[in-house]
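Structural characterization, general
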Amino acid sequence: MSGLENWIPNVIDLADEFPICLMQTLQMLLIPGLISFVFGTLFGIMLVVTRKGGIMENRVIFFVLDKLVNLFRAIPFIILTSLLVGFTRLIMGTSIGVTGALPSLVIGTVPFFSRQIESTLSEVDQGVIEASQAMGLTPMQIITRVYLKESIPGIARAVTITLISLVGLIAIAGAVGAGGLGDMAIRYGYNRYMYDVTYVVVIIILLLITLIQSIGDYIVKKTTH
Amino acid sequence: MIELNHVSKTFETKQTDVHAVKDVSLHINAGEIFGIIGFSGAGKSTLIRCINLLERPNEGTVAVDGNNLLKLSDPQLREVRKKIGMIFQHFNLMRSRTVFQNVAFPLKDSKLSKPEIEAKVMELLTLVDLVDKRDAYPSELSGGQKQRVAIARALANDPKVLLCDEATSALDPQTTRSILKLLKEVNQRLHITIVLITHEMAVIKEICDRVAVMENGLIVEMGNIVDIFMHPQSDVTKNFISTTSALTRIYEMVEQDSPITRIQSGQYLVHLKYGANTTKEALLSHITREMAVETSIIFGNVEVLQDTPLGDLVVIFSGAEHNIQQAIAYAQNQGVEIEVIKS
């Protein structure tokens, strides 16, 4: 252990804090990830089916959704977080900690994921959609059995990219009081010059991202025919 | 089986309205193979989509098997569509499903049990000769195999009608023939009415009973294919027929005064056209023997349409003028159409 104490003294001192922060990061990854998956998929589908020429064409819904997605994608995340402070307090009771970070993480992620889903579903061959209509499928059946089923590899890819970008957002959220690994890197590594903390945080995040990417790649590979 | 009355379809674009189908009326009988031919942009794709309402006509009525489709509610229309199979130029199979799953796909909500679905799918795969590919994905199949899967899928709900939208246009000639053979088999064995659209006259010639020729959204000519091939009326039809015959080449050679079609004075260059009833007579040898007219064949072609032979001969007659006239009269008497190209 004497070797490690020389290399990463502060990390050894803060050994207890790492698991807590890792757990916070994982919470902020999985909870908003799951919520964003549900809403993002829903909005992505709605964007595809309500657009001009879609199977449930609806100008109003498409227009509103399209503009909302653009609006929230245009706001930088750090500004979005401060913009949502009031809203977060209202619905979560607090604007700090993991709980306080959830709304802005969700709102920051959903539009991004919606667009990913939209573009993935758009790649489904229009001819296949037409064939399904000719076979007498209902619009809902076309969504579940054709659009979603045909897009599984694309959806897996979208989830991978979104989770990785979410890791980035979590680090930013950490800087404004959400906790997690990003928060550790800033509090100790940046503010108190404990560079070894930063390095270890980077390694942990790198491992996390590698894990996400590998699982994603595996699913894509297994589901592509 | 299928009745279109005064069907029109117009697409509105920002600049102008595109009249894809204009006042088309069609009556397609149960059990026949009906072809619609036209160049691209003629409106045939839109027309075939009007039959199952993938395109809703702006005017007119569409009836399939006695149902007035435009009056049906969405759920009713979906039920009717299950009895109208459709195949496409680009097959439109699902990449994420195997051959078996693609064929079983339309049966998902049917009342059949799992073993019944399995049996039905295997029966269809036997029909299209793809049993050994049941667990393959579409990406592992050739174009012809994909179209066979698409045909099996289209037949899964025991349709009464099969719509073929340029079903062979993405295939090579050999594969095209095998798919057409399969369609013919489907038509004869399962008594399914087939409507196909194409831009290839060879496809029409191969399997259709009747044909409609489309141009600019209108049907310019319609009839039994033997009649259409024997006596095409419109320029488009003649144009299409010439694409499948070397006869045009002869006319070009005459125009260019090629040595092959050059004649001396006293000779006649004639085009003989004969149908089913006249082919058995030894016409030319009779002319030579009885009328002392020398005949030399420079071009000959026999088409078989619906088991009816249709022949074209381009012949040089040489002999005395009145003998040649006598020969021409004789040929006409025998029911052969004769056209003097040059004399």
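Below: a short report on this structure. (Residues numbered from 1 in each chain as written. Chains lettered and ligands numbered in written order. Predicted model: local features only at pLDDT ≥ 70, side-chain atom pairs only at ≥ 80, totals over all residues. Heavy atoms only, no water.)

So, the overall build of chain A
To keep things clear, this is the line we draw: Secondary structure elements are taken from DSSP: a helix is a run of H or I of four residues or more, a strand is a run of E of two residues or more, and numbering for both begins at the N terminus. Residue exposure (1.4 Å probe, protein chains only): buried if accessible area is under 20% of the type maximum, exposed if over 50%, otherwise partly exposed.
Per the secondary structure count, chain A includes 12 helices and 0 strands. Ordered by position in the sequence, the α and β elements of chain A form the string α-α-α-α-α-α-α-α-α-α-α-α. Expressed along its principal axes, the backbone C-alpha trace of chain A runs to roughly 70 × 40 × 25 Å. The buried share of chain A, taken over its 225 residues, is 46%.

Considerations on the sheet that holds strand β6 (residues 84–88) of chain B
All names here are of chain B. Our working definition: Two strands are counted as paired when DSSP detects at least two bridges linking them. Between the N-to-C directions of two axes lies an angle of 0 to 180 degrees, each axis being a line fitted to C-alpha atoms and, for a helix, fitted only over the stretch in contact. Contacts: residue pairs with any heavy atoms within 4.5 Å of one another.
An order of β6-β7-β8-β3-β9-β10 is seen for the 6 strands of this open sheet, with the pairing classed as mixed. Every other strand in the sheet has two partners, leaving β6 and β10 (218–224) as the edge strands with one partner each. On average, each strand axis in the sheet is inclined to that of its neighbour by 15°, with strand direction left out of account. Pairing analysis gives 5 bridges linking strand β7 (residues 161–165) to strand β8 (residues 193–198), with the strands arranged parallel. Its bridge partner being in β8, Leu162 is matched across the sheet by Ile194. The strands that helix α9 (residues 235–243) touches are β3 (33–37), β9 (210–215) and β10; relative to β9, the one it contacts most, it runs at about 115°.

With respect to the pairing of β10(B)
Residue and element names in this part refer to chain B. In terms of strand pairing, β9 meets β10 through 6 bridges, oriented antiparallel. Paired with Arg210 across the bridge in β10 is Asn224. Between β9 and β10, which pair antiparallel and follow one another directly, the connecting turn spans 2 residues, one of which, Asn216, has a positive phi of 50°.

Regarding the interface of chain B and chain A
The following threshold applies: Buried area, as used here, totals the accessible surface that two parts lose on assembly, with accessibility defined by a 1.4 Å probe and the loss added over both. Throughout this description, a polar contact denotes any pair of N or O atoms lying within 3.5 Å of each other; where both atoms belong to protein, one of them has to be capable of donating a hydrogen while the other can accept it, and for residues adjacent in sequence the pair is counted only when both atoms sit in side chains. Side-chain classes follow a simple rule in which Ala, Val, Leu, Ile, Met, Phe, Trp, Tyr, Cys and Pro form the nonpolar group, Asp, Glu, Lys and Arg form the charged group, and the remainder, Gly included, forms the polar group.
Counting residues at the interface gives 22 residues for chain B and 19 residues for chain A. Taken over both partners, the interface formed by chain B and chain A buries close to 1900 Å², and the fraction arising from carbon and sulfur atoms is 55%. The interface formed by chain B and chain A includes 9 residue pairs in polar contact (both at pLDDT 80 or more). If you list the elements that add at least two residues to the side of chain B that touches chain A, you get α2 (74–82) and β6 of chain B. Looking at the side of chain B that touches chain A residue by residue, the class counts come to 9 nonpolar, 4 polar and 9 charged.

Regarding the pattern of salt bridges
Residues and elements named next belong to chain A. Basically, it comes down to this: In what follows, salt bridge is the name for a side-chain nitrogen of Lys or Arg lying within 4 Å of a carboxyl oxygen of Asp or Glu.
Counted by the stated rule, this structure contains 24 salt bridges over all chains. For the salt bridge of Arg187 with Glu17, the shortest nitrogen-to-oxygen distance reads 3.4 Å. A residue pair is termed long-range when its members are at least 10 positions apart, and Arg187 in helix α11 (residues 181–190) and Glu17 in helix α3 (residues 17–50) qualify at 170 residues. Accessibility expressed as a relative area gives 32% for Arg187, which makes it partly exposed.

Let's talk about helix α10 (residues 247–255) of chain B
All names here are of chain B. Operational definition: This arc describes the spread of directions from the helix axis toward the C-beta atoms.
Of all the positions in α10, only Leu247, Ile250, Met253 and Val254 are classed as buried. The arc enclosing the buried residues of α10, seen along the axis, measures out at 115°, which places them on a common side. Of the residues flanking the end of α10, it is Asp257, one or two places downstream, whose phi is positive at about 55°.

Brief notes about the packing of helix α6 (residues 85–92) of chain A against helix α7 (residues 97–122) of chain A
Residue and element names in this part refer to chain A. To keep things clear, this is the line we draw: An angle below 35 degrees is treated as roughly parallel, one above 145 as roughly antiparallel, one from 65 to 115 as roughly perpendicular, and anything else as oblique. By the definition used in this description, the sense in which the near helix is turned from the far one sets the handedness, with an anticlockwise turn below a right angle giving left-handed and a clockwise turn giving right-handed.
Orientation of α6 relative to α7, taken along the N-to-C sense of each, is 120°, at an axis distance of 9 Å. By the angle between their directions, the pair α6 and α7 is classed as oblique. Where α6 crosses over α7, the two elements pack in a sense that is right-handed. Contacts from Phe87, Thr88, Ile91 and Met92 of α6 reach α7 at Thr99, Gly100, Leu102, Pro103 and Ile107. Tallied by class, residues from the contact of α6 with α7 come to 6 nonpolar, 3 polar and no charged.

Some points on the nonpolar core
Residue and element names in this part refer to chain B. Condition: Among buried residues, those of type Ala, Val, Leu, Ile, Met, Phe, Trp, Tyr and Cys that are joined through side-chain atoms within 4.5 Å constitute a nonpolar core.
Formed by 56 residues in total, the largest nonpolar core has its most connected members in Ile87, Ile151, Leu183 and Leu196. In terms of residue count, the dominant contributor to this core is helix α4 (residues 114–127) (6 residues). In this view, Leu183 contacts Ile87, Ile151, Leu162, Cys164, Ile194 and Ile207; residues no more than four positions away in its chain are not counted. Core analysis: the next-biggest nonpolar cluster, separate from the first, contains 54 residues, Val24, Val64, Val80 and Ile197 among them.

Considerations on the sheet that holds strand β11 (residues 267–274) of chain B
Residues and elements named next belong to chain B. Spatially, the 4 strands line up as an open sheet ordered β12-β13-β11-β14, and their pairing is antiparallel. Looking along the sheet, the strands with just one partner apiece sit at the ends: β12 (294–305) and β14 (337–342). Between one strand axis and the next, the sheet turns through 20° on average, direction left out of account. The pairing of β11 with strand β13 (residues 308–318) spans 8 bridges and is classified as antiparallel. From the neighbouring strand, Leu272 faces β13, where its bridge partner is Leu313. Sheet strands in contact with α10 are β11, β12, β13 and β14, and its direction is about 30° off that of β14.

A look at the packing of aromatic side chains
The test is simple: Any pair of Phe, Tyr and Trp rings, taking the six-membered ring for Trp, is counted once the centres come within 6.5 Å. Such a pair is stacked with planes under 30 degrees apart, edge-to-face with planes over 60 apart, and tilted for the rest.
Inspection of every chain in the model, using the stated rule, returns 3 aromatic pairs over all chains. Plain terms: the ring middles of A:Phe39 and A:Phe43 are 6.1 Å apart, the flat faces sit at 45° to each other, and that makes the pair tilted. Residue A:Phe39 and its partner A:Phe43 are located together in helix α3, separated by 4 residues, close to a single helical turn. Residue classification places A:Phe43 among the partly exposed residues on the basis of a relative accessible area of 24%. Ring centres of B:Phe39 and B:Phe240 lie 4.3 Å apart, and the angle between their planes is 20°; this geometry places the pair in the stacked category. Here the residue B:Phe39 occupies a position in the loop between β3 and α1 (44–51), and B:Phe240 occupies one in helix α9, the gap between them amounting to 201 residues. According to the relative accessible area criterion, B:Phe39 is partly exposed, its value standing at 40%. On the basis of relative accessibility, which here comes to 2%, the residue B:Phe240 falls in the buried class.

Here's the deal with the environment of B:Asp209
Residue and element names in this part refer to chain B. Secondary-structure assignment places Asp209 in the loop between α7 (201–207) and β9. For the pair Asp209 and Arg95, spaced 114 residues apart in sequence, the C-alpha to C-alpha distance is 35 Å. With residues near it in sequence (within four places) discarded, Asp209 still touches Gly31, Glu32, Ile33, Asn224, Ile225 and Gln306.

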